[in-house]
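Coordinate analysis (summary)
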Amino acid sequence: MKRRLPLKVSVSGVRGIVGESLTPQIAARFASAFGTYLGPGTFLIGQDTRPSGTMLKKAVLSGLLATGCQPVEVGVLPIPTILFLTREKQARGAVVVTASHNPPEWNGLKFIGPEGIYLRHSQVEEFLDIFHQGEFTLAPAERIKSPLQEKNAGELHLERILSKIKVKSIRRCRFRVVVDCANGAGAVLIPRLLQELGCETLLLNTDIGGEFAHQSEPVPENLGELCRRVKEFRADLGLAQDVDADRLALVDEKGRPLGEDLTLSLAVAHVLRKKRGPVAVNLSASMAIDDLAARYRVPVIRTKIGEINVVEAMLENGAVIGGEGNGGVIWPEVHPCRDSLAASGLILEMLAESRQPLSSLAAEFKRYYLIKEKLECPAEVAFRAVVELRRRYRAERLSTLDGLKISREDSWVHIRPSNTEPIIRLMAESRSAARSRRLIEKFKKEIKDTIKKFR
Ligand code: MG
């Protein structure tokens, strides 16, 4: 019998397989719980490009309308744009129908609070309590509204980004850029951003009509076409967004993928050169961040994985830049959220000001080799395996903030059960590719053996 994957409920929202664990009934209940939790007011409703988006969005609209809220549909927009608009327009909240980089049979809901950031942990708990208890504040018939629509709402976001970077310097360079939007929501805005920046642009996979163009995580193995086209187009760089456009990966002018972790390192280097201040990144961001922070004598705050964890640390510590090593750059000058559009602006500004090709800028960070792998494993077994490994390696320098991170002199390994998929993520970084590979293989074998014991 086919095993049904349960609905994943985590701090980053709800995800499930459409028609199995994620149904319109469940989506409507979550929306009613959200409307009850934040109270009647304006809510922005967005979606990514998945075929099931409209079906689930209608359920979300019903659930919100039932609690007397005023939904405003903003259509397909990058998720950073919806986060930005929630705060700028002083909405009560926002719901986005998206499953980020999960395969197309998945979909999910993300919940945004009035601050224009994802719900904080304490807020998630209160909200989920309302969901589980099912005690929704339903409005009487005369207070039920109709959804409104807003077109081109994303312009405000572009204006903010353009006001924070040196547009003239970038324009003078007349950069040639190839962009792979993976048929995701980034396609709605990034062409306009690059046009404003005077770039000559070749766009790939901008069809927001439904099907994903390729596996949507912007990792090197999915960027073959982009790399080829960068060379053919003699471009200065290639940009790859994930489907909801919060993450950005880069391809250099030679058509080589730089690895998503380098996007963050470059952004941190660029921002710290202009403005010193704390940096907040998650546990699995590259050691290159620590080197940069040491050079500028600023502190690095390490957080659990997950955007809201980094965002909270950034707000608390007044960080000037931060993010996640998966290409999620958070530049609070624009807003405190992972944003591939703001990141693209920063990288282009860095290229313009340094007058160096991207490959030379990247060369500075080549001393580290980060390898990521995943192992399929049911969540429960994964957590037990991690506990076992913690015990085995207790004599070493460990962080148990999120899974298990073992830090050594100039390498580390991070083992973490995913919150959103039945997998264990495994990462290793060191000064040589061979050594990182050896670390990964050693721990992969150890985890597999441990898992076997628990099955
Ligand atoms: Mg994403």
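Before reading further, recall that the structure is shown in the block above.
Note that the structure is a prediction, hence the values are computed from the model and not measured.

1. Brief notes about the packing of aromatic side chains
All told, the structure shown has nine aromatic pairs when counted by the stated rule. Between Phe34 and Phe111 the ring centres are 5.0 Å apart and the planes differ by 55°, which places this aromatic pair in the tilted class. Linking Phe34 in helix 1 (residues 24–38) with Phe111 in strand 6 (residues 106–112), this pair joins segments that are 77 residues apart in sequence. We classify Phe34 as buried; its relative accessible area is 0%. The exposure class assigned to Phe111 is buried, which follows from its relative accessible area of 6%.

2. A short note on the sheet that holds strand 14 (residues 321–324)
What the four strands build is an open sheet, ordered 13-12-14-15; its pairing is mixed. With partners counted over all chains shown, the strands left at the sheet margins are strand 13 (300–303) and strand 15 (328–330), one partner each. The sheet shows a mean angle of 15° between the axes of neighbouring strands, taken without regard to direction. Looking at chain direction, strand 14 and strand 15 are connected through three bridges and run antiparallel. Looking across to strand 15, one finds that Glu324 is bridged to Gly328. Along the sheet, helix 11 (residues 307–317) makes contact with strand 12 (279–282), strand 13, strand 14 and strand 15, crossing strand 14 at roughly 165°.

3. Notes on the packing of helix 9 (residues 260–274) against helix 10 (residues 288–296)
Where helix 9 meets helix 10, the axes come as close as 10 Å, and the angle between the chain directions of the two elements is 10°. On the basis of their axis angle, the class for helix 9 and helix 10 is roughly parallel. Taking contact as the criterion, the partners of Leu264, Ser265, Val268, Ala269, Leu272 and Arg273 in helix 9 are, on helix 10, Ala288, Ile289, Leu292, Ala293 and Tyr296.

4. A few points about empty space enclosed by the protein
Tallied over the full model, the rule gives two cavities of 30 Å³ or more. Counted as a void, the largest cavity has a volume near 90 Å³. Lining the largest cavity are Val9, Ser10, Val11, Ser12, Gly13, Val14, Phe111, Tyr118, Leu119, Val124, Phe127 and Leu128. When contributions to the lining of the largest cavity are tallied by element, the ones reaching two or more residues are strand 1 (8–10), strand 2 (13–17) and helix 4 (121–133). With three residues, helix 4 is the largest single contributor of residues to the lining of the largest cavity. What the second largest cavity holds in volume is close to 40 Å³. In this structure, the second largest cavity is lined by Ala288, Asp291, Leu292, Arg295, Glu364, Phe365 and Arg367. Looking at side-chain class alone, the lining of the second largest cavity contains three nonpolar, no polar and four charged residues.

5. Describing the side chain of Asn309
Structurally, the position occupied by Asn309 is in helix 11. For Asn309, a relative accessible area of 10% puts it in the buried group. Not counting the four nearest positions on each side in its chain, Asn309 is found in contact with His121, Thr303 and Lys304.

6. Here we look at the sheet that holds strand 6
Across the sheet, which stays open at both edges, the seven strands sit in the order 1-2-6-5-3-4-7 with mixed pairing between neighbours. The sheet terminates laterally at strand 1 and strand 7 (148–149), the two strands that pair on one side only. Bridge count between strand 5 (residues 93–97) and strand 6: four bridges; the pairing is antiparallel. The partner of Ala94 across the bridge, within strand 6, is Ile112. The strands touched by helix 1 within the sheet are strand 1, strand 2, strand 3 (42–47), strand 5 and strand 6, with strand 6 carrying the most contacts at an inclination of about 5°.

7. Topic: the environment of Thr49
Summarising the element assignment, Thr49 is placed in the loop between strand 3 and helix 2 (53–66). Exposure remark for Thr49: the relative accessible area of 4% places this residue in the buried category. Separated by 195 residues in sequence, Thr49 and Asp244 place their C-alpha atoms 8.3 Å apart. Polar contacts involving the side chain of Thr49 include one to the main-chain carbonyl oxygen of Asn183, which spans 3.0 Å.

What counts as what
Each chain has its residues counted from 1, running along the sequence as written. Predicted model: local features are reported for residues with pLDDT of at least 70 only, side-chain atom pairs are reported and counted for 80 or more only, and whole-chain, interface and lining totals are derived from all residues. The basis for the side-chain values is all heavy atoms of the structure; hydrogens and waters are excluded. Within 6.5 Å between ring centres, the rings of Phe, Tyr and Trp (the latter by its six-membered ring) count as paired, and their orientation is classed by plane angle as stacked under 30 degrees, edge-to-face over 60, tilted in between. Secondary structure is summarised from DSSP: a helix means a run of H or I of at least four residues, a strand means a run of E of at least two, and numbering begins at the N terminus for each. Only protein chains enter the accessibility calculation, which uses a 1.4 Å probe. A residue is then buried if its area is under 20% of the maximum for its type, exposed if over 50%, and partly exposed in between. In this description, strands pair whenever DSSP reports at least two bridges between them. Fitted lines through C-alpha atoms serve as axes, helices being fitted only where they are in contact, and the angles separating the N-to-C directions of these axes extend from 0 to 180 degrees. The contact criterion used throughout is that any non-hydrogen atoms of two residues lie within 4.5 Å. Comment on the angle field: the value is read as roughly parallel under 35 degrees, roughly antiparallel over 145, roughly perpendicular from 65 to 115, and oblique elsewhere. A cavity here means a set of points on a 1 Å grid, drawn over the protein atoms and nothing else, where a 1.4 Å probe fits but cannot get out; a pocket is an open set with protein on both sides within 12 Å along at least five of seven lines, and a residue lines either one if it has an atom within 4 Å of a point. Grid points are joined across faces, edges and corners, and a volume is the space filled by probe spheres set on the points. Three classes are used, and their members are as follows: Ala, Val, Leu, Ile, Met, Phe, Trp, Tyr, Cys and Pro are nonpolar, Asp, Glu, Lys and Arg are charged, and the others, Gly among them, are polar. Counting of polar contacts relies on pairs of N or O atoms within 3.5 Å, with two restrictions inside protein: one atom must be capable of donating a hydrogen and the other of accepting it, and residues adjacent in sequence are counted only when both atoms are side-chain atoms.

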